[in-house]
Amino acid sequence: MPKRIWIVLIAVGILVVFVLPGLLDLYARLYTDWLWFDSVGYLSVFRTQLTAEIAIFLVGGLVVWGFLALNWLLVPRGLLHRLEMVIRPQKRTIQLGARLLAGLLWGAAGIVALVMGLQVSAQWRSLLMAANATAFGLVDPIFGFDVGFYVFKLPFYRFLVGWSLALVVMGLVGTMVVYNLSRSLRQPGPAVHASILGAVLLLLMAVEYQLSRLAILDSARGVVFGAGYADVHARLPLYNICTGIVVGGAVLLLANVFVRRWRLLLVVAGLWLLAAFLGSVYPAIVQRLVVDPNELARERPYIEYNIDFTRYAFGLSDVAEFDFPAVGQITAETIEENAPTMDNVRLWDWRPLLTTYAQLQEIRFYYTFSDVDVDRYLIDGNLREVMLAAREMDVDQLADQAQTWVNRHLVFTHGYGVCLSPVNEISEEGLPHLLVRDIPPESADPVLEITRPEIYFGEVTHNYVIVGTDEDEFNRPSGDTNVYTRYQGPDGVPLGGLWRRLVFAWRLDSSQILFSNAIDSNSRVLFHRRLSDRVWTLAPFFWYDPDPYLVIADGRLVWLYDAYSWSDRFPYSEPFRGLNYIRNSVKVAIDAYTGETTFYVVDPDDPIVQTYQAIFPDLFTPVEEMDPLLREHWRYPEQLFAIQAEAYASYHMDDVHVFYNKEDLWEAPTEVFEAREQEMHAYYVVMQLPDEEGVEFLMIRPYVPNGRLNMIAWLYADSDGQDYGQLGVFEFPKGELIYGPMQIEARFDQDPYISQQLTLWNQRGSGAIRGNLMVIPIDDTILYVEPLYLQAESGQLPELKRVLVAYGNRVVMAESLDSALAQILSGAPVAEEPVEAPLSADLAGLARSAQAHYDAAQACLLQGDWACYGRELDALAADIEAMVAVTEE
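Criteria and cut-off values
- Residues numbered from 1 in each chain as written.
- Predicted model: local features only at pLDDT ≥ 70, side-chain atom pairs only at ≥ 80, totals over all residues.
- Heavy atoms only, no water.
- Buried < 20%, exposed > 50% of the residue type's maximum accessible area, 1.4 Å probe, protein only.
- Helix = DSSP H or I, 4+ residues; strand = E, 2+ residues; numbered from the N terminus.
- Pairing = 2+ DSSP bridges.
- Expected span 1.5 Å × (residues − 1).
- Bend = angle between axes of the 7 residues up to and from the residue.
- Contact = heavy atoms within 4.5 Å.
- 1 Å grid on protein atoms, 1.4 Å probe; cavity = no way out; pocket = protein on both sides within 12 Å on 5 of 7 lines; lining within 4 Å.
- Points joined across faces, edges and corners; volume = space filled by probe spheres on them.
- Nonpolar A, V, L, I, M, F, W, Y, C, P; charged D, E, K, R; others polar.
- pLDDT = per-residue confidence, 0-100.
- Phe/Tyr/Trp six-rings, centres within 6.5 Å; stacked < 30°, edge-to-face > 60°.
- Lys NZ or Arg CZ within 6 Å of the ring centre and 35° of its normal.
- Axes fitted to C-alpha atoms, helices over the stretch in contact; angles between N-to-C directions.
- Parallel < 35°, antiparallel > 145°, perpendicular 65-115°, else oblique.

**Thoughts on the pairing of strand E28 (residues 727-731)**
Here is the key point about a regular strand: its side chains alternate between the two faces of the sheet.
Phase 1 of the analysis: Counting buried residues along E28, five of its five residues qualify, which places the element largely inside the surrounding structure.
Phase 2 of the analysis: Both faces of E28 are covered, namely the face carrying Leu727, Val729 and Glu731 and the face carrying Gly728 and Phe730.
Phase 3 of the analysis: Here four bridges tie strand E1 (residues 320-323) to E28, and the two strands are oriented parallel to one another. If you follow Ala320 over to E28, its bridge partner there is Gly728.
Phase 4 of the analysis: In this sheet, E28 lies alongside strand E27 (residues 713-718) in antiparallel orientation, the contact comprising five bridges. Bridging from a neighbouring strand, Ala717 pairs with Leu727 of E28.

Encoded structure:
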């Protein structure tokens, strides 16, 4: 009896130490997630997922347990008899052995059922997608199935067959081990049992061969992605042969139940091994002897399939194509006619601007700007491109003595307001002209007025907060005092009684929730406040753009977040960045104050989002119900455009011969940023397309030929009105030299005056930061603009001090874009004041500066630029005077 008690106590101890915490974690997470989904109005979404997981787990676990129990636990009676005949032990020993063996078998079956049940339950989404599959209306060219079969059904079918194979193998191996222990393997009963299991295993292998045959459309072995000549003419027949062999083996195994012919089974095994060997050799022989000598002729139809399906999968089938002769001339009239475009040339790079915003507008150390976004607003009747950043609360930046639980979770609960400035306006000090600034926010235009500036939900709101407590929430600073508030929004899970507080204390690992006197029955906990966490929790099956952006709409602050439906199983579509189908089917709107999260379906024709709508009908809202003010601020998603631009660099070629030889392959250009060469990313512009009326908000991406630097084309995506989502490409004449971004960068560096000025500024206690190079199409010509910022080594406040402009064979540097354009038009430099850079205190620095000015003066003299020569001599004289002053101290 004492031994049994000790065994029970040990078992209970193991349960408490290792199992109970996991069960409590599971309960706390499920319970609190249930409450959270209910609080945000999406309980049906959570219930659908939870019900599917539990049902699949139970069904899968019962199937596994029943199968293993049926096959393993039919054996013990015969086993006991065999053990008695072999070792002839005492009767009590035989009974104990029988109980122990039965217990081990039952336990093993239960453990395997638990593991495999969890494994199959993790496929709940695949099962629901297969059950609610939507047709694409596009059939594959090899088997004639709708693409929806490969996207929705085939992945789950393959998993299910693989899972079943693993189950049968375990059942067969376990059964054979048990029979072998009983030394009864050669008896009729066990032989029949093993034959039936073997036949089931072979039939499942036959199904797997046929599914692998269909999955050959994902082949990456040929000249392009998708089944090629060798796949279709060599691998497909071998899959059918292997299917026939294993089906024949299954039939013989079943026949073996009645008539034993073990030698025939050996023949079947030999044939299967031969087919498997041929499967690794025969396609390679076909590739070497049939395909390689005539690759283009053999692979032509499959290349055509790849081009057509890739274009469809990435939304490139309807790209509008135009010629851009680039023979126009920039004149004063051209500039005037394109004033809306020129007034929106972006001179502020988001990286220096983020630093400038932080220095000017963070106000207090616990506020932070995490990102700068580009958008447009109709201001004074004109479409203006602007940059804005949300002023969010970062409790990690609170002073050490203020890092208390009350401050982090009850008091400092939210950020406040935004900072907004036009992309092209600069103050006399080289700083942005702020249209929305300060706390409380001051707006320069009624459309930018903010009446609800509090930001409870944002990009850096990673911690939970509790509202409705006895503690007032910090709202904003006001001079030497603070203004406090209380959250009036609907979000949050009521903490209610003791049980909820206990569960949330466990979930959030915070005992203060349980013991704090500030929390009462009116208190609510807000969690999942970070945008990425919030949308992933609600809809983890989408891929989200990494750049949500904030919109000012009727005084409210609303985040717009682009969601992508995607697949990596689209037949014949070339993968890019790990996927081969993508659509921006959903835009998510998240109110920064209330947390209200709405998934608007903006592409209702997408079969993937249609399938998700069938599974989660309460999750989605028709786009017609979106606030028109939010609709005016749609942006074509940057991540989607980047993937499409990468794909279009190859798939703009529709001629099979040209595509095969990569004769017209494009690539992304590079540019210089902060003295480093990097890939040039796409950028938003407000401009007027050639032959169009009025300006539009576009995203642009230049191209250069593969391995070369000249520009060959530029791709755009429209973000406005009925043309939203329209892609277009303007191609330059292939026989003309159109400077690419790095060629323009090199011309800036080769200009004597510009290069010497850059060298000088980098030597005299400051650093020159070169911003994004903007390629601006105007009418039938191209203008290049690059901002130049100065930042003192001892400071963190970049100032926009110069604008570099290139057009045709001219490059200029001026204090403003207007001044640079005046130089471009007149052909002569415009007088400007030299930039005051901090003087170095040591003599050696002044000597280097003087030498640089002397070299620059000589270069200007050789160019015949007397104005430049005079400026450099003046600067040289100033350095000499400073050197004299230093030596006299």
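Structure shown, so let's carry the discussion forward.
**Thoughts on helix H10 (residues 295-313)**
Phase 1 of the analysis: Here H10 contains 19 residues, and its C-alpha end-to-end distance of 25 Å stays within 8% of the 27 Å for a straight helix at 1.5 Å per residue.
Phase 2 of the analysis: Bending of H10 peaks at approximately 45° at the position of Pro301.
Phase 3 of the analysis: Those residues of H10 that fall on the buried side of the exposure criterion are Leu296, Glu299, Tyr302, Ile303, Asn306, Ile307, Phe309, Thr310, Arg311 and Ala313.

**Some words on the environment of Ala28**
Phase 1 of the analysis: Here Ala28 shows up in helix H1 (residues 2-39).
Phase 2 of the analysis: On the basis of relative accessibility, which here comes to 3%, the residue Ala28 falls in the buried class.
Phase 3 of the analysis: Spatially, the C-alpha atom of Ala28 lies 9.3 Å from that of Leu502, the residues being 474 residues apart in sequence.
Phase 4 of the analysis: Contact partners of Ala28, with chain neighbours within four places excluded, come to Val503, Trp506 and Arg507.

**Remarks on the sheet that holds strand E11 (residues 465-467)**
Phase 1 of the analysis: Read across the open sheet, the three strands follow the order E11-E15-E14; overall the sheet is antiparallel. Edge strands, defined here as strands with exactly one partner in the open sheet, are E11 and strand E14 (493-494).
Phase 2 of the analysis: Where E11 lies against strand E15 (residues 524-526), three bridges are found, and the strand directions are antiparallel. Pairing of Ile466 across the sheet is with Val525, part of E15.

**Focus on empty space enclosed by the protein**
Phase 1 of the analysis: Applying the stated rule across the entire model yields two cavities of 30 Å³ or more.
Phase 2 of the analysis: If you add up the space inside the largest cavity, you get close to 50 Å³.
Phase 3 of the analysis: Lining the largest cavity are Met393, Asp394, Val395, Phe412, Thr413, His414, Val460, Thr461, His462, Asn463 and Arg529.
Phase 4 of the analysis: When grouped by side-chain class, the residues that make up the lining of the largest cavity number four nonpolar, five polar and two charged.
Phase 5 of the analysis: The volume enclosed by the second largest cavity comes to roughly 30 Å³.
Phase 6 of the analysis: For the second largest cavity, the full set of lining residues is Ser370, Asp371, Asp373, Leu388, Ala389, Ala390, Glu392, Glu459, Leu550 and Trp559.
Phase 7 of the analysis: Examining the composition of the lining of the second largest cavity, we find that three residues originate from one element, strand E4 (residues 382-390), more than from any other.
Phase 8 of the analysis: When its residues are assigned to classes, the lining of the second largest cavity shows five nonpolar, one polar and four charged.

**Some points on the confidence of the model for the protein**
Phase 1 of the analysis: When the pLDDT values of the protein are averaged, the result is 88; 88% of them are 70 or greater.
Phase 2 of the analysis: A low-confidence stretch, residues 83-90 (pLDDT under 50), is modelled with seven contacts involving residues beyond four sequence positions or located in other chains.
Phase 3 of the analysis: Confidence drops under a pLDDT of 50 for residues 835-842, and excluding neighbours within four residues, the segment shows 16 contacts in the predicted structure.

**Thoughts on the packing of aromatic side chains**
Phase 1 of the analysis: According to the stated counting rule, one finds 60 aromatic pairs in the structure shown.
Phase 2 of the analysis: With 6.1 Å between their ring centres and 85° between their planes, Trp34 and Phe46 make a pair best called edge-to-face. Note that Trp34 is positioned in helix H1 and Phe46 in helix H2 (residues 43-72), a separation of twelve residues in sequence.
Phase 3 of the analysis: Overall, the relative accessible area of 7% leaves Phe46 in the buried class.
Phase 4 of the analysis: Ring centres 6.3 Å apart and planes at 55° place the aromatic pair Phe309 and Phe570 in the tilted group. With Phe309 in helix H10 and Phe570 in the loop between strand E18 (556-567) and strand E19 (581-591), this residue pair connects regions lying 261 residues apart in the sequence.
Phase 5 of the analysis: Since its relative accessible area comes to 0%, Phe570 is described here as buried.
Phase 6 of the analysis: One Lys or Arg, Arg583, reaches over the ring of Tyr312 and ends 5.5 Å from the middle of that ring.

**Remarks on the packing of H2 against helix H5 (residues 124-131)**
Phase 1 of the analysis: Across the interface, H2 lies against H5 with an axial gap of 9 Å and an inter-helix angle of 100°. Judged by the inter-axis angle, H2 sits roughly perpendicular to H5. Residues Thr48, Gln49, Ala52, Glu53 and Ile56 of H2 lie in contact with H5, whose contacting residues are Trp124, Leu127 and Leu128.
Phase 2 of the analysis: In terms of residue class, the contact of H2 with H5 is built from five nonpolar, two polar and one charged.

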